Every structure is written in structure tokens, then in C-alpha cells.
Amino acid sequence: MTTLNQKKNINLLILKYLLLTIISGIVIVEIISIVRMKPFWLDEWFVIVNIKFKEIEEFFFRPLDFNQGFPRAYLVLIKYFSRIFNYNYLSLVLIPFIVQLLNIVFFWYVSTEIIYKEDKLKSYLLILVFLSYETTFIYFTQVKQYTMEMFCSLLALWQFYEFSKCFKDINVTCFRFWIAVGIFLVAPFFSYSYPIIATPLIISLFITFLFTPKKFSNITKTLFPLILFLIAIVTEYHLDIKYAISLNIHLDDWWRSYIATYESFNLFALNLLRSFFIFMSLIFIPIDKTYKDTIWSSDHMKYIVYLVRILFFLIPTVIGMINISIYTIKSFIDRTKKENSFFKGFKIISFNESFSISIFFFILFFAVWVLYFLSLLPLGPKRVNYFCVPMVGYLWLEGVSFFKRNKKKLFYAYGNIILIIGLIFLLIFIGVGYTKEALEKSGSQALWYQTIGKAIKAAYETDAVIVRPEEQKWEHAQGWHFDLMLRTHPYYNHKKDLKIVSMDDIKNKCKHIKKEELSFIIIEENDFNIVSLKDLCLSLSE
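Report on the accompanying structure. Fair warning: this is a prediction, and the values are worked out from it, not measured in the lab. (Residues numbered from 1 in each chain as written. Predicted model: local features only at pLDDT ≥ 70, side-chain atom pairs only at ≥ 80, totals over all residues. Heavy atoms only, no water.)

## Re the environment of valine 318
1) Next: Topologically, valine 318 is positioned in helix α14 (residues 299–339).
2) Next: Sequence separation of valine 318 and glycine 399 is 81 residues, and the distance between their C-alpha atoms is 7.2 Å.
3) Next: With sequence-adjacent residues up to four places away left out, valine 318 is seen in contact with Phe276 and Met280. (Helix = DSSP H or I, 4+ residues; strand = E, 2+ residues; numbered from the N terminus. Contact = heavy atoms within 4.5 Å.)

Right under this line is the structure:
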């Protein structure tokens, strides 16, 4: 027995230091990507245009430009900070980057001290799930809100932990308790998904109020947080959320395959199965553009990967959901019998009773699917459901535990295989994901981006006009895409516009060449040239 314990401790130690090594490598890779100035892309352009060219008062009580949904308080924070440094590259990406670093530390704490305090192996595996998730590495340094969405989701789990401890203590002056209460007032302004993951907390506070003696201290503990949360949600709704919801009008076609639609039974069933499959295997990275032109994008590998996804991720996750559902229902029935009252069975959700992380995730799972059936929550896009990663990772690990606890050798062996295969694939996707996203995209695209920056500087110095590149030279070079990329480039002075023309504009100017003495910047793949209108017209006529 001692030998088995020693082997287990050695394995846990190896896994722990492997995790620390992976995290160190991830941080180094992401710092390199920042130093090499990884190019912004379309969605970031939309956000940065709002940051650079809107005044702070324009963020509220109206939609953002380009139909963007972005928590306004967080947007203001990034604008305040980046404005100090004239919107340079580091100032724009630093806050999302720091938040994601905090997420890694916070996720470690939540996993090892709250979700799996008694099982270090599961806690380390849950951290790997978070690190391997596509949204984690794709948006690590991007000017998007998803790192903050995860941070606020982890805050909700920390609140659960603190409320569970403090409600068992009569002392209402518990300092950490009041910090947890204060989060209700602040977090909704920084995260659209926080109110969803906070649903179990809200329900539990209400149930606790119903079954607690109506003393002043107990009322303060239960109703005051609920009132603060209500104030925050109502305020945020009028400042921001209702404008974000209105964006769905413009995105109906895009969301159609990810939401519950009742136009026909066949369409409803198809979307439901599609959403359920994607959501319940959420922790497994799908094969898409992230792995384009790699071995993972071949047709044969896709079938293998989807088979692995079903056998080693989807099935355990579904089993885990069934397990916690049975646990919650059994707890409710036992409590109902004990109290001899159906109504009092809900005490299992009370903070004064045995409100557990399993019940927390059961309520969250139920809340997510209620929103889905109301067509208010897409379950397909990886970004939208980022806040569910801890929950689905937990369900997966609980499913694995079910097979490992089973006395039948076949099930026990399957549980061990799931762990081994799961660990291998999580490590593979961490390696491939971070390397490809942070390093490879910093190669040719970074050179192009640097060239654009040099061209912008030259345009300001010489008062030259920039010519839009031809479409074949860059996938987003045409029209307003190129204009938008210039305006959001860190070298672009938001107080001074640049002149941008197309080749058609130049051809028209060639007709009046004597009247126009202009110079033009022609951008090549990794360089640019400044030419006169006369020379440019001559080259076009050849």
C-alpha cells in the first residue's frame, strides 16, 4: 500500500511540474508574440476602431460601431490605459494578456482549492483542459473580451466557495464575504456571461433566505447581495446589454445553426443534436482553421479525431452529467423525506446546508439549456461558451471517475484508457495550438504588418497617399478592410487621417497629371516604394 501511495505521489509531482513547465512555456511564447507584434485581425479591427475613435461617453446608451458586443466598462478600461500610450501595440494587448495570466493562476486556485480540493490528479487535469481550450490560446493577447469573461466566471466559483464558508459562520462581518458580495455589483459590467454562471449563487441566496430565521444579520447576508446584483443587472442592461442583444438582428443567419429554432421539427432536432454534441464535447478542440495545413486537417485524421472526441470526451462528459443529476435528485429526495416536505427538499441548495460544487454545476447546466431553448444562447461558438469550460471539464472528469470506480474490469480499463488518451490529446493540442497561433502567425503576417507600419510612418513624413494593395497580395487588402487595417494599426495617428486611394482613383488622376503633383506609396509583400504620380501613370500605361 505504501508503495502504491509513493507511486501516486511521484506521478502527481511529475504532473505538477509538467504543468508548471507548460505554463512557463506558454507565457514565454505569448510574450514573444507580443514582442514580434502579432497582426491584429478583422474582429480586433472592429474593437480597436471603437477604442481609438470614440469618446468614452459614446460607449454607453448606444450600439458600438461594426455591430460589436463588448462589455463597456472593460472597453473603457482598455481605452483609458491605451490612450496614455497613444494606442501603441503593447498598450492595446497588455490588459487582455495580464487578465489571461491571472486566469491561469486563478484557475489553478479554483481547481485545486475549490473544485477538486481532495483530488490533485483531477485538479491538474482540469487545468490542462483550460489550457488546451481553443479560446484560451487564440484570445490570449487579442483585443477581445473573452479573457475577462473567463476571469469573471472564475470569480463566480470563488464566490460560491466564500459564501459556502461564511454562511456557516454567524459573523456577518466576514471580510472575504463582503468582497464576494461586492463582485455582484461589479462583475456584470465586465462580463456578459457572468450573470449566467452566477445563476446558482442567486438561486442559492434566495433559497437560503427562505429557510433562514429572519434575523437582521441573516437578511443582510441574503437579500443585500441579491439587491446589489439586481441593481447592477438593471443598470448594465440599460447601459449596454440591450444594445448587445439587438445585434442578434444582424447575426440571425450566423446564429441559426447554433440556437433553438422552432420553424420545423426537423430543423429543431438537427440544431439540438448539433448543439448538444458541440457543447458536451466542449473541452475537445474541433478541427478547423487552427489546424489547417497540418496532419490534423487531413480527411482520415478528421475521422480519427472525431472518433476520439466521441469515445474519450463526449461519452464520459454525458456520463458525468447523468451522475451529478442523479446525485442532485437523490439529495433532493433524501431531504424531502427527512423534512417530510417537498418544498423543504430545496434546502439542498441552501448555503446553510450541503450546497456542493456538483449541485452548483447542475444548476448552471440547467440554466444554460433553458436559455438555449429560449433561443437566447448559442451553444456552438467556442467563444460564447467559454465560461462553461470549468463545468464541462468537471463533467468529463466525473465521467472518467465513474468508469474507474466501476467493479467491472472492462469499464475500469476504459476509464484508464480515457485518462491516458485524454492526457495525450490535451498535451498535443496545447503544443500545436500555442505554437501555431502565437509563433507561426507572427511570421509572414508579422512582416507584412511591419511593412504596413513603415508605410504609415512614411506617409506622415512625406504627405504621400497610400495605394490599396491588389487583392491577390493579401486576403483582406481590398476596400474598407484595408482602410480599417490602416486605421487600427498602432502607428496610425488617430488625430490625423491618411489619404488612401485605389488604382481606379489613380487612373482618373492620370487624366489630370499636370494639375496633380502627388507621391504615392505602393506596398509590396515585405516592402514599399514611394513613387510620383507621373511615374505611376507611366507604369500603368505600359
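Back to the text.
## Observations regarding the environment of glutamate 57
1) Next: One can find glutamate 57 in the loop between α2 (42–53) and α3 (72–84).
2) Next: What makes glutamate 57 exposed here is its relative accessible area of 55%.
3) Next: The spacing of glutamate 57 and valine 76 is 19 residues in sequence and 9.4 Å in space, taken between C-alpha atoms. (Buried < 20%, exposed > 50% of the residue type's maximum accessible area, 1.4 Å probe, protein only.)

## Quick notes on a nonpolar patch on the surface
1) Next: Nonpolar side chains collect at one region of the surface, where Phe206, Leu210, Phe342, Phe343 and Phe346 lie side by side and expose about 490 Å² of accessible area between them.
2) Next: For phenylalanine 343, a relative accessible area of 49% corresponds to the partly exposed category. (Patch = residues over 30% accessible without salt bridge, like charges linked within 9 Å, V, L, I, M, F, W, Y side chains within 5 Å. Areas by Shrake-Rupley, 256 points an atom, 1.4 Å probe, with all protein chains shown as cover. Salt bridge = Lys/Arg side-chain N within 4 Å of Asp/Glu carboxyl O.)

## Focus on the pattern of salt bridges
1) Next: Applying the stated criterion to the full structure yields 10 salt bridges.
2) Next: The closest approach of N and O atoms between aspartate 43 and arginine 383, which form a salt bridge, is 3.3 Å. Of the two residues, aspartate 43 is situated in helix α2 and arginine 383 in the loop between α15 (357–373) and α16 (389–405); the sequence distance between them amounts to 340 residues. Here aspartate 43 matches arginine 383 in class, with each residue buried.
3) Next: Residues lysine 165 and glutamate 162 are paired through a salt bridge, measuring 3.7 Å at the closest nitrogen-oxygen approach.

## Regarding the nonpolar core
1) Next: One finds Leu131, Phe163, Tyr194, Phe279, Phe361 and Val368 to be the most contacted residues of the largest nonpolar core, which totals 158 residues.
2) Next: Residue contacts for phenylalanine 361: discarding those within four places in its chain leaves Ile115, Leu157, Ile324, Pro390, Met391 and Tyr394. (Core = buried A, V, L, I, M, F, W, Y, C linked by side-chain atoms within 4.5 Å.)

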